[in-house]
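# Coordinates in review
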Amino acid sequence: MKIQCLHGFYKMSEQNVGQASDFSRLYGLDLVARDGYITFDLLGGAPDHSLIGREFLGFKAIKTFAGSPWDVFKANEVVYDFNEGVMKAISTVTEIVVVVQSGNRLVSKGLIAAGSLDQDGRKISGYTAWYLRNTASWLYTEVTYV
Amino acid sequence: MSRILEARCDASGKVFVNDHEVTDAVLTTDGAQASTGILVVDGALAVYLTSSVSDLTTTIEKTASALGQIAAALTTLDAKPVGGSGSAPAPAVSGQVTNIQTAQTELESLKGALK
């Protein structure tokens, strides 16, 4: 299962049949298909534009913007919190995660919530992660910061 | 990726989409009168566009009307040249009146053929 986090928007794709349902059971989160990828239920309705002052996904937009949903998230400085199932201002995410280098990969316990701080205090804006079903662990091939 | 949304602008220059005010929209017109148009949003740029055809139509109507009034006045003067003893009659202006009337006709034709 491959997961791309783009400015707090999550795109998933199965590498083997059944990974999505495994992931859904593991995290207790509903997933939906959208534009050729899988994402969290709420993000299935993420808009491709925002109007300043108008709510989208329960969050009041701070900018008028049009683009990909993840660009709309970035413009409005908001991320999806899959632990709570709500949108949050990225500045309010204060979780600290440990990301360590392991060979040519990065490893962290569990799935990183966008906006989390790494051990060096850098705010994580995105990543590419792989869920390994056999070991129920996560490998990260790319991590980007705000 | 850009989005085009139906919008309107009130007489104070405020832009609305479905009655929601878009405070960061940029107007390409003066916005001194209420209008309907579209809001083009491309990235962080939001531009309100309205059709100025009605403004142009009104301008042409008023200009053609003014030319008609001028031509009529000159025709009247031409018909009744002022000329008492010791003063010369006013010069004939029928040629100029024809030119003005031609311009008026052209403007009225243009009004009906606005793109």
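Look above for the structure.
Residues numbered from 1 in each chain as written. Chains lettered and ligands numbered in written order. Predicted model: local features only at pLDDT ≥ 70, side-chain atom pairs only at ≥ 80, totals over all residues.

## Description of the overall build of chain B
Each helix and strand in chain B was counted, giving two helices and six strands. Each helix (α) and strand (β) of chain B, taken in turn from the N terminus, gives the series β-β-β-β-β-β-α-α. Across the 115 residues in chain B, those meeting the buried criterion constitute 13%. In chain B, of all internal contacts separated by at least 6 residues, the share reaching a separation of at least 24 is 45%. (Helix = DSSP H or I, 4+ residues; strand = E, 2+ residues; numbered from the N terminus. Buried ≥ 20, exposed ≤ 12 C-beta atoms within 10 Å, placed from the backbone. Contact = placed C-beta atoms within 7 Å.)

## Observations regarding the overall build of chain A
Across its full length, chain A carries two helices and 14 strands. In terms of overall dimensions, chain A is globule-like: its C-alpha atoms have a radius of gyration of 15 Å, near the 15 Å expected for 146 residues. In terms of overall dimensions, chain A has C-alpha extents of about 45 × 35 × 25 Å along its principal axes. Buried positions account for 32% of the 146 residues belonging to chain A. Put simply, of all contacts in chain A between residues at least 6 apart along the chain, 38% involve residues at least 24 apart. (Rg over C-alpha atoms; globule rule 2.2 N^0.38 Å.)

## Some thoughts on the pairing of strand 5 (residues 35-42) of chain B
Each regular strand carries side chains that alternate between the two faces of the sheet. Residues and elements named next belong to chain B. In terms of strand pairing, strand 1 (residues 2-9) meets strand 5 through eight bridges, oriented antiparallel. Bridge pairing in strand 5 places Ala 7 opposite Gly 37. Relative to strand 6 (residues 45-50), strand 5 runs antiparallel, the two being bridged by six bridges. Paired with Gly 37 across the two strands is Thr 50, which belongs to strand 6. Taking the residues between adjacent antiparallel strands as the criterion, strand 5 and strand 6 are bridged by two residues, where Gly 43 takes a positive phi near 60°. (Pairing = 2+ DSSP bridges.)

## Focus on the pairing of strand 2 (residues 9-13) of chain A
Residue and element names in this part refer to chain A. As defined by bridge partners, strand 1 (residues 2-6) adjoins strand 2 across five bridges and the pair is classed as antiparallel. What sits directly across from Gln 4, in strand 2, is Lys 11. Between strand 1 and strand 2, which follow one another and run antiparallel, lie two residues, and His 7 among them has a positive phi close to 55°.

## Quick word on the interface of chain B and chain A
Taken together, the contacts link 14 residues of chain B with 13 residues of chain A. Where the side of chain B that touches chain A is concerned, the elements lending two or more residues are strand 1 and strand 5 of chain B. A breakdown of the residues in the side of chain B that touches chain A according to their chemical character gives seven nonpolar, four polar and three charged. (Nonpolar A, V, L, I, M, F, W, Y, C, P; charged D, E, K, R; others polar.)

## Details of the nonpolar core
A general feature of soluble globular proteins is that nonpolar side chains tend to end up buried together. Among the nonpolar cores identified, the biggest contains 42 residues, and Ile3(A), Phe9(A), Tyr10(A), Tyr80(A), Val15(B), Val22(B) and Leu39(B) are the most heavily contacted of them. The contacts of Ile3(A), once residues within four sequence positions are left out, are Tyr10(A), Met12(A), Leu111(A), Ala129(A) and Tyr131(A). (Core = buried A, V, L, I, M, F, W, Y, C linked by C-beta atoms within 7 Å.)

## Some points on the packing of helix 1 (residues 53-79) of chain B against helix 2 (residues 94-111) of chain B
Angle between the axes and distance between the axes are the two parameters that describe a pair of packed helices. Residues and elements named next belong to chain B. The geometry of helix 1 relative to helix 2 is characterised by a closest axis approach of 9 Å and an angle of 160° between their N-to-C directions. Compared by their axis directions, helix 1 and helix 2 come out roughly antiparallel. Handedness of the crossing formed by helix 1 with helix 2: left-handed. For the pair helix 1 and helix 2, the contacting residues are Thr 57, Ile 60, Glu 61, Thr 63, Ala 64, Leu 67, Gly 68, Ile 70, Ala 71, Leu 74, Thr 75 and Asp 78 in the first and Ser 94, Gln 96, Val 97, Ile 100, Gln 101, Ala 103, Gln 104, Leu 107, Glu 108, Leu 110 and Lys 111 in the second. When its residues are assigned to classes, the contact of helix 1 with helix 2 shows 11 nonpolar, eight polar and four charged. (Axes fitted to C-alpha atoms, helices over the stretch in contact; angles between N-to-C directions. Parallel < 35°, antiparallel > 145°, perpendicular 65-115°, else oblique. Left-handed = near helix turned anticlockwise from the far one by under 90°.)

## Quick notes on the sheet that holds strand 3 (residues 20-21) of chain B
Spatially, six strands are ordered 3-2-1-5-6-4 (chain B) in an open sheet, and the strand pairing comes out mixed. Bordering the open sheet on either side are strand 3 and strand 4 (26-27) of chain B, each of which pairs with just one other strand.

## What about unusual backbone geometry?
Glycine aside, the phi torsion of most residues is negative, and most peptide linkages are trans. Residues and elements named next belong to chain A. Backbone geometry at Asp 35 places phi at a positive 45°, although glycine is not the residue there. Tracing the backbone through its elements, the reader meets Asp 35 in the loop between strand 3 (31-34) and strand 4 (37-40). Accessibility expressed as a C-beta count within 10 Å gives 9 for Asp 35, which makes it exposed. In this structure, Glu 77 takes a positive phi of about 55° despite not being glycine. One can find Glu 77 in the loop between helix 2 (69-75) and strand 9 (78-81). Accessibility expressed as a C-beta count within 10 Å gives 18 for Glu 77, which makes it partly exposed.

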